[in-house]
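The residues making up each chain are set out below.
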Amino acid sequence: MLHTFVALVEDKPGVLTRVASLFRRLNINIISLTVGRSERPGVSRMSIVAEAPAGAGHRIKASLFKLESVFDVDDVGQLQCVTRELALIKVAATPQSRAQIFQLSEIFRARIVDLAPESMMLEITGAASKIEGLIQVLNEGDNQILEIARTGRMVMRRGQHTSHVLEAFQLSQPEDEPIIPLTAEKGSENLDVISGDPNHPM
Amino acid sequence: MPSQPVSSAAPHTKQLTGAEIVWATLTGEGVRTVFGYPGGAILPIYDALRKYPIHHVLVRHEQGAAHMADGYARASGEVGVAVATSGPGATNLVTGIATAMLDSVPMVCITGQISSKLLGTDAFQEVDITGITLPITKHNFIVTKSEDIGPVLRRAFSIARTGRPGPVLVDITKDAQQGLADFNFEACAPQPHRPHPMLSAENEAVSEAIDLILNAQRPILLVGHGALESGATDQLITLAERLHIPVASTLLGLGAIPASHDLSLGMMGMHGEAWVNQAIQQSDLLIACGMRFDDRVTGALTSYAPNAKKIHIEIDPSEISKNVKADVALIGDLKEILETILPRLAPRKDQSWVKAVNALKGVAAVRDIKNLPDSGHLYAAHVIHDLWRATAGKAIVVTDVGQHQMWEAQYYKHDAPRSLITSGGLGTMGFALPAAIGAKMARPDDEIWVIAGDGGFQMTASELSTLVQEKLKINIAVINNGFLGMVRQWQEFMYESNYACSPILSPDFVKLADAHGVPGATVRTRGEVAAAVKAAREADGPFLINFLVEKEDAVYPMVGPGAALDEMIRRPANGHNPLLETSEEP
Ligand SMILES: Cc1ncc(C[n+]2csc(CCOP(=O)(O)OP(=O)(O)O)c2C)c(N)n1
């Protein structure tokens, strides 16, 4: 069964190793792991998807908590979440076949981000199933896929929920230190990409 | 170069070298003794030692330093400290760190590291010790800046002793040791430990636990190392007495309640007494207190205590339902949790379960060492029994790993917490002698006995020299059977007595002791035991007794690997049965 965890961790060298090493020790395969900055300086956010027996969630979560570098863990597998993945797909394309790929990307709400004489690059954001859908259709349509790069899943709970640690941080925070608002930093070029339509049917 | 207070930022702020900050922080944390071995990458730290009131025990191998720090911690409940240089010094610590990790022992290891500018270049004696020890430490740090040393070390102490204790390693680069930084002990205090969101004994769970306890007909308390760490002895005794609940102990839980207590059953598990394992299998409620249902304790999980509900009181949430599914989990400090539930538990009158369990004991009593005649052979079980009598059960016994360790657990009756020091989770041979040195440093007024096998003793026998250099009074009993005894036993039971590589030649241990200026005696018969033990106890300094015991004796009962807990291999009733053959001198 797939388990999904969101972990807020110290933004320091070696923290990724500690988290990854834990899964290695438990002999659990990580399907995807994405790391990036969170809304707080010094805190990174990880979305971890792992294949493990149904009952293993509690133990994985508890073990993640034991890592000193982990501030908070949420087992979001059963919760209302928005899950997104970004993929870049490079397809062989001649001037003749381009039109068909344009059409496909339209249907999948993918974007063409590069066009070369013999290839095109598509950018697609969505649930993993949507990305897999596009890949499948491309394959079936005899379009040779040259390269695929996928980010792995990113997850966020729907609604008002905020992680415990941030609540705790806010309580202990001296008042003059502002809480960074939940928007991307300046210069974050990919902002538009991540804001895909959450209710997209695919 | 004496350090001078320069900074005026805060009243207690001084400018110190990183090396000085190490010792100043340790002093502030209350450390008076460290165990270590110098080398190039840690020389600045050694150079600064003379300015601080800390005693350094020079070991003979860094594994010894880690075991000494571990023994110190287990005997005292304080954080033990080991120090080593980079590269081979650091890697030599590894076995000792893993030993402490598996038994949740609070320890801080400080290693020197090559200068930060050279990190990652395979410079002389560079090793990635934080990488190596990542899975065997509770946490580790690499420090490359002098100003970080104080805060990191204080955090290391806090992590080592908070919650479920464990070892923490701090790797300090040479340039960080040499650089100057402002130091103020108070200002280095770590943030209060983040609250563990899963750490809660919810009211509902407490009520469920109380219901289960009040309704149980055949409850048993299972007591582990957590009971010692939490200091819950009194609460456990109150609970046991109030409801007449027999108490079984893990190897590391021995001493948490006195062995002489009427309700104490003794050790459970692979070499637990028959009645203990039988009682567990018959029980309808297991109240597990600070123990983790290790495979050495449960036998086959599928058939473990089949009719029992399980209440698991444990500080580490990741232990809940790891091996045995908990019906009710109370997560938190054992003592606090027991204090919450005790007021809600009314005394019980019915003692029929205790009587039934005691009847199981009676059946085994025929095999009891005290009831049997002597045949002239020397058996390890007798040696340990006699040692227990001679020391009135008051010594701190530090064992190695193997058959003698199990016999110790069976026959030395521990009445006090922290009076048995042994490597349980990792089962590290070579642990006993260095750990005993650590224990003696922590508790200089206590009588300390090492009990080790001829195999394990040779793994760290070089620490005899440390013992002498430190002028410590420790008595050593080598249980010498000419074999790696426990391996031989498994080969006898499971590999058709193919004793592959288990016979072991030893030096004459008494001569070895003599070479260190340590007196000793060799004992071949039961009759000589008492006199030798007396001589050892009366000697001013250390004393070694080489007990030449029966070569092919086995530890009984034994739950074979994968067998149910009550499927025990018992001592054969006829034939080779030392307990039938021998007994105490009248
Ligand atoms: C470092 C280490 N290596 C190997 C083992 C496996 N092992 C467990 S018990 C044992 C035999 C111990 O023999 P000895 O020290 O003579 O004690 P005895 O069992 O005879 O009492 C061995 C080799 C171990 N526990 N630790």
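Nothing here was measured: the structure is a model prediction, and the numbers come from that model. Note that residues are indexed from 1 along each chain, following the sequence as it is written. The naming scheme follows written order: chains are lettered A onward, ligands numbered 1 onward. Restriction of local features to residues with pLDDT of at least 70 applies here, the model being predicted, together with a cutoff of 80 or more for giving and counting side-chain atom pairs; totals for whole chains, interfaces and linings are based on all residues. For the side-chain quantities, the full set of heavy atoms in the structure was used; hydrogens and water were omitted.

## Some thoughts on the overall build of chain A
- Within chain A, the secondary structure is distributed over six helices and nine strands.
- Within chain A, buried positions represent 39% of all 202 residues.
- Residue contacts follow a heavy-atom distance rule, with two residues in contact if any of their heavy atoms lie within 4.5 Å. Here the analysis covers contacts within chain A between residues at least 6 apart in sequence; of these, 74% occur between residues at least 24 apart. Only DSSP runs of H or I with at least four residues qualify as helices, and only runs of E with at least two residues qualify as strands; both kinds are numbered from the N terminus onward. Type-normalised accessible area, obtained with a 1.4 Å probe on protein chains alone, sets the label of each residue: buried when under 20%, exposed when over 50%, and partly exposed for intermediate values.

## Points about the packing of aromatic side chains
Residue and element names in this part refer to chain B.
- Put simply, two rings from Phe, Tyr or Trp (the six-membered ring, in Trp's case) pair if the centres are within 6.5 Å, and we call them stacked under 30 degrees between planes, edge-to-face over 60, tilted for the rest. One pass over the structure, following the stated rule, counts five aromatic pairs over all chains.
- A centroid spacing of 6.0 Å and a plane angle of 80° characterise the contact between Phe293 and Tyr304, whose relative ring orientation is edge-to-face. Of this pair, Phe293 sits in the loop between β12 (285-289) and α13 (295-298) while Tyr304 sits in the loop between α13 and β13 (309-314), placing them 11 residues apart in sequence.
- On the basis of relative accessible area, Phe293 is assigned to the buried category, the value being 2%.
- Ring geometry for Phe457 versus Phe509: centroids 5.6 Å apart, planes at 80°, classification edge-to-face.

## Description of the interface of chain A and chain B
- In this complex, chain A contributes 19 residues to the contact, which on the side of chain B involves 18 residues.
- Summed over both sides, the interface of chain A with chain B buries roughly 1,600 Å², with 55% coming from carbon and sulfur.
- Here the buried area means the combined drop in accessible surface, using a 1.4 Å probe, for two parts upon being joined, counting both sides. In terms of surface lost to chain B, no three residues of chain A exceed Arg18(A), Phe65(A) and Glu68(A), which account for 43% of the buried area on that side.
- Salt-bridge detection follows one rule: a side-chain nitrogen of Lys or Arg within 4 Å of a carboxyl oxygen of Asp or Glu. Linking chain A to chain B there are two salt bridges.
- Across the pair Lys66(A) and Asp316(B) runs a salt bridge, and its minimum N-O distance is 2.7 Å.

## Considering the nonpolar core
All names here are of chain B.
- Among buried residues, the Ala, Val, Leu, Ile, Met, Phe, Trp, Tyr and Cys ones that are joined through side-chain atoms within 4.5 Å form a nonpolar core. Ranked by size, the top nonpolar core spans 51 residues in total, and within it Phe35, Val398, Phe457, Ile474 and Ile476 carry the most contacts.
- Domains are outlined according to an automatic or database domain assignment. Here this core gathers at least three residues from each of two domains, domain 1 (14-188) and domain 3 (380-552).
- Of all hydrophobic cores here, the second largest spans 38 residues; its members include Leu26, Ile42, Ile149 and Ile172.

## A closer look at the domain arrangement of chain A
- Domain boundaries assigned for chain A yield domain 1 (1-78) and domain 2 (82-150).
- The C-alpha-based centres of domain 1 of chain A and domain 2 of chain A are spaced at 30 Å.

## Here we look at helix α16 (residues 380-390) of chain B
All names here are of chain B.
- The element α16 is extensively covered by neighbouring structure, given that eight of its 11 residues are classed as buried.
- Looking only at α16, the buried set comprises Ala380, Ala381, His382, Val383, Ile384, His385, Asp386 and Leu387.
- Two residues or fewer past α16, Ala392 is found with a positive phi of approximately 55°.

## As for the site of the ligand
Residue and element names in this part refer to chain B.
- Proximity is defined per residue: if any heavy atom of the residue lies within 4 Å of a molecule or strand, that residue is considered near it. Close to the ligand lie 17 residues; Gln403, His404, Gly427, Gly456 and Gly485 are nearest.
- Throughout this description, a polar contact denotes any pair of N or O atoms lying within 3.5 Å of each other; where both atoms belong to protein, one of them has to be capable of donating a hydrogen while the other can accept it, and for residues adjacent in sequence the pair is counted only when both atoms sit in side chains. Within the backbone of Gln403, an N or O atom sits 2.8 Å from an oxygen atom of the ligand.
- Separating an oxygen atom of the ligand from a backbone N or O atom of Met486 is a distance of 2.9 Å.
- All accessible areas in this document rest on Shrake-Rupley with a 1.4 Å probe, and a residue is counted as covered only by the protein chains that are shown. Relative to its unbound accessible area of 590 Å², the ligand is 76% covered by the protein chains.
- Broken down by secondary-structure element, the contributors of at least two residues to the shell around the ligand are α17 (403-411), α19 (454-459) and α21 (485-494).
- A total of four residues in the shell around the ligand trace back to one element, the largest contributor, which is α19.
- Polar here means any residue other than Ala, Val, Leu, Ile, Met, Phe, Trp, Tyr, Cys and Pro, which are nonpolar, and Asp, Glu, Lys and Arg, which are charged; Gly is therefore polar. Broken down by class, the residue content of the shell around the ligand amounts to seven nonpolar, nine polar and one charged.

## Things to note about empty space enclosed by the protein
All names here are of chain B.
- In this analysis the probe radius is 1.4 Å and the grid spacing 1 Å, with only protein atoms considered; a cavity is a set of points the probe fits into but cannot get out of, a pocket is an open set with protein on both sides within 12 Å along at least five of seven lines, and lining residues have an atom within 4 Å of a point. Grid points are joined across faces, edges and corners, and a volume is the space filled by probe spheres set on the points. Taken as a whole and judged by the stated rule, the model has three cavities of 30 Å³ or more.
- Each pocket or cavity is described by its volume, and for the largest cavity that value is around 90 Å³.
- Considering the residues around the largest cavity, the lining is formed by 13 residues, among which Ser249, Leu254, Gly255, Ile257 and Ser264 are closest to the centre.
- Elements with a contribution of two residues or more to the lining of the largest cavity: β10 (247-249) and β11 (264-267).
- The dominant element in the lining of the largest cavity, judged by the number of residues it contributes, is β10, at three residues.
- Among the residues making up the lining of the largest cavity, the classes are represented as seven nonpolar, six polar and no charged.

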